[in-house]
Amino acid sequence: MTNTIDVKTLGKVAVLLGGSSAERDISLMSGNGVLAALQSQGVDAHAFDPSEQELGELKKQGFARCFIALHGRHGEDGTVQGALELLGIPYTGSGVMASSIAMDKVMTKRVWIAEGLPTPKYVRLAPEEQDAPRVAAVPGTLGLPLIVKPPREGSSIGVTKVSTGAEMAAAVTLSAKYDPDVLCEEFIDGEEVTCPVFGNGPSARALPVIRIAAPEGAYDYQNKYFTDVVKYHCPSGLPADEEAEIQRIVVAAYRTLGCRGWGRADLMIRKSDRKPFLLEINTSPGMTSHSLVPMSAKASGISYEQLCVQLIASASLDSQA
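Below you will find a few notes about this structure. On a predicted model such as this, the values are computed, not experimentally measured, just so you know.

Notes on the overall build of the chain
Each helix and strand in the chain was counted, giving 11 helices and 13 strands. Taken over the C-alpha trace, the chain has a radius of gyration of 19 Å; the compact-globule value for 321 residues is 20 Å, and the two agree within 12%. Each principal axis of the C-alpha distribution contributes one length, and for the chain these read about 60 × 45 × 35 Å. By the burial criterion, 52% of the 321 residues in the chain qualify as buried. In the chain, once contacts between residues fewer than 6 apart in sequence are set aside, the share between residues at least 24 apart is 67%. Carbon and sulfur atoms form 53% of the exposed surface of the chain, whose accessible area is close to 13,300 Å².

Written as structure tokens, this is what we have:
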């Protein structure tokens, strides 16, 4: 990432924020942070909420590029990316295919497993597979405890840690409120870490790993964004060989999905043997005051403002990538 960017060459920039997903509130926090940072660096940046204006207005209003600070559906699932491709307006982050695959944790797992990358075992329950006998059978396949979550949501929305078989039905019902499919996943007992990646193809590189220490392992929506009880360690304090292996796996996971621009992978390190397991990859990571990509960037000498400018400067289209 280079620091010598002439902001005048960036043109008029739209920061896409808000949107219509369950993560709207987080997107507004991310987007307003990015907007203020870009404006402080002299970028001609403006807020644009796709839930309030048609995307076609971007073209009419003369925007040259977009910083996607949308989270969740219609933001990081390939739909906005596809619209911007049709409009011919370069945008930050991954293209249509990588965004849509990464948004779906089941599809992501299928790709990673096919490529030999480590991810927890799982059972997908389609809507017609959520009857009581099949739901009750899941712990026999994955063991207990296990995790139940909607495969196309983020920010820990709709997630339950199931400790007994009796809790399965309620966990599946909650998850199904957010997504017709339900993802049941093997629970990895250990430490949670996250690692950002920047760049494209062979030049993609990982930033410092962040180790997450949540009270009682409760790294949930509330603790992620609205409290200060979670401790983030960056430098991670992990042995150098462990950190290097995590960074290697994360870059491989990012490249396997065809990601570009930037992203952040979440992993668990199993306590029993220190093996890392990929949970998911975020193609439009949070940029709030609690967010992890800015924290890791800062540890590698990149300020929040520099980070935002470098990301908008990297905006591109699938046809250019």
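What about the packing of aromatic side chains?
For the structure on display, the rule yields 3 aromatic pairs. With a centroid separation of 6.3 Å and 80 degrees between ring planes, the pair formed by phenylalanine 48 and phenylalanine 63 is classed as edge-to-face. Of the two residues, phenylalanine 48 is situated in strand β2 (residues 45–48) and phenylalanine 63 in the loop between α2 (56–60) and β3 (65–68); the sequence distance between them amounts to 15 residues. Classification of phenylalanine 48 by relative accessible area gives buried; the value is 0%. Their ring planes at 65 degrees and their centres at 6.2 Å tell us that phenylalanine 67 and tryptophan 262 sit as a pair that is edge-to-face. Here phenylalanine 67, found in strand β3, pairs with tryptophan 262, found in strand β12 (residues 262–270); they are 195 residues apart in sequence, far enough to count as distant. Relative accessible area serves as the criterion here: at 1%, tryptophan 262 is assigned to the buried category. Among the aromatic residues, those joined into a cluster by ring pairs are Phe67, Phe198 and Trp262. When the ring centre of phenylalanine 63 is taken as origin, the NZ or CZ atom of lysine 12, which lies over that ring, is 4.5 Å away.

Some details on the sheet that holds strand β5 (residues 146–149)
Ordered by their spatial adjacency, 4 strands build an open sheet running β4-β7-β5-β6, and the pairing between neighbours is antiparallel. Of all the strands in the sheet, the pair left with one neighbour each is β4 (122–125) and β6 (160–162). Going from strand to strand, the sheet's axes swing by 20 degrees on average, the running direction of each strand aside. In terms of strand pairing, β4 meets strand β7 (residues 182–186) through 4 bridges, oriented antiparallel. Of the residues in β7, the one forming a bridge with leucine 125 is valine 182. The sheet contacts of helix α5 (residues 105–114) involve β4, β5 and β7, and relative to β4 the element is tilted by about 140 degrees.

What counts and what doesn't
Residues numbered from 1 in each chain as written. Predicted model: local features only at pLDDT ≥ 70, side-chain atom pairs only at ≥ 80, totals over all residues. Heavy atoms only, no water. Helix = DSSP H or I, 4+ residues; strand = E, 2+ residues; numbered from the N terminus. Rg over C-alpha atoms; globule rule 2.2 N^0.38 Å. Buried < 20%, exposed > 50% of the residue type's maximum accessible area, 1.4 Å probe, protein only. Contact = heavy atoms within 4.5 Å. Areas by Shrake-Rupley, 256 points an atom, 1.4 Å probe, with all protein chains shown as cover. Phe/Tyr/Trp six-rings, centres within 6.5 Å; stacked < 30°, edge-to-face > 60°. Lys NZ or Arg CZ within 6 Å of the ring centre and 35° of its normal. Pairing = 2+ DSSP bridges. Axes fitted to C-alpha atoms, helices over the stretch in contact; angles between N-to-C directions.

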